[in-house]
Amino acid sequence: MLNTLAFLLVGVVSLALNGFGSSVKELFFPPCLATYPGAGFFFMMFQMLFYLSVMVCVFSFSLLRTTQPNRPENQFILASAVVTGFFLFNEFFRTHVHLGRAGFPKVTIVIIYAVAAAVYGLTFRR
C-alpha cells in the first residue's frame, strides 16, 4: 500500500513538472545542480531515508545494549548500522567515483563492495 502511494506521488509530481515545462530528471540530481527550487527533491528524500535508517539502527543498538546486553541480535544491529552508514558515506561523498578517478577499475570497486555485502550476509544469515 505504501509503495503504491509512493509510486503515485512520483507519477503526480512527474506529470505536474511536465505540465510546467520542467525536467523530471532534475528531481533526481544532487541539489547543487538545481535549476529550480524543487530540483533534487527525490535525491534529498533518498538521503534522508539513509540517515533515518542509520539513526534507527544506532539507537536500537544502544537501547538493546543497555536493556539486553550480550545478545547476538545486538551485533547484527550494530553491523547493520555500520554497513548502512558506509553506504551513506559512499552516497554522500561518492567514494566510488573518486576511487575510479584515482585509477581503480570499476570492476574492482564493485567486487570489493560485493565481497563486503556477502560477508555481511553470510555472517548474519540467521
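Residues numbered from 1 in each chain as written. Predicted model: local features only at pLDDT ≥ 70, side-chain atom pairs only at ≥ 80, totals over all residues. Heavy atoms only, no water.

## Notes on the side chain of Gln47
Okay, step 1: Its place among the elements puts Gln47 in helix H2 (residues 41–67).
Okay, step 2: We classify Gln47 as buried; its relative accessible area is 4%.
Okay, step 3: The residues contacting Gln47, other than those within four sequence positions of it, are Leu88, Glu91 and Phe92. (Helix = DSSP H or I, 4+ residues; strand = E, 2+ residues; numbered from the N terminus. Buried < 20%, exposed > 50% of the residue type's maximum accessible area, 1.4 Å probe, protein only. Contact = heavy atoms within 4.5 Å.)

## Some remarks on the confidence of the model for the protein chain
Okay, step 1: Averaged over the protein chain, the pLDDT score is 85; the fraction of residues at 70 or greater is 96%.
Okay, step 2: Ranking the elements of the protein chain by mean pLDDT puts helix H1 (residues 2–19) last with 83 and helix H5 (residues 106–123) first with 92. (pLDDT = per-residue confidence, 0-100.)

## Quick notes on the packing of H2 against helix H3 (residues 72–93)
For any two helices packed against each other, one specifies the crossing angle of their axes together with the interaxial distance.
Okay, step 1: Where H2 meets H3, the closest approach of the two axes is 9 Å, and the angle between their N-to-C directions is 155 degrees. Between H2 and H3, the crossing angle belongs to the class labelled roughly antiparallel. As for how H2 packs across H3, the hand of that crossing is left-handed.
Okay, step 2: Of the residues contributing to the contact of H2 with H3, the split by class is 15 nonpolar, seven polar and two charged. (Axes fitted to C-alpha atoms, helices over the stretch in contact; angles between N-to-C directions. Parallel < 35°, antiparallel > 145°, perpendicular 65-115°, else oblique. Left-handed = near helix turned anticlockwise from the far one by under 90°. Nonpolar A, V, L, I, M, F, W, Y, C, P; charged D, E, K, R; others polar.)

## Focus: a nonpolar patch on the surface
Okay, step 1: On the surface, Met1, Leu2, Leu5, Phe7 and Leu8 cluster together to form a nonpolar patch covering roughly 660 Å² of accessible area.
Okay, step 2: Considering the arrangement of structural elements, one finds Leu8 in helix H1.
Okay, step 3: For Leu8, a relative accessible area of 49% puts it in the partly exposed group. (Patch = residues over 30% accessible without salt bridge, like charges linked within 9 Å, V, L, I, M, F, W, Y side chains within 5 Å. Areas by Shrake-Rupley, 256 points an atom, 1.4 Å probe, with all protein chains shown as cover. Salt bridge = Lys/Arg side-chain N within 4 Å of Asp/Glu carboxyl O.)

## A short note on the pattern of salt bridges
Okay, step 1: On inspection of all chains with the given rule, the structure shows one salt bridge.
Okay, step 2: With a closest N to O distance of 3.1 Å, Glu73 and Arg71 form a salt bridge.
Okay, step 3: What makes Glu73 partly exposed here is its relative accessible area of 38%.
Okay, step 4: Overall, Arg71 belongs to the partly exposed group, its relative accessible area being 36%.

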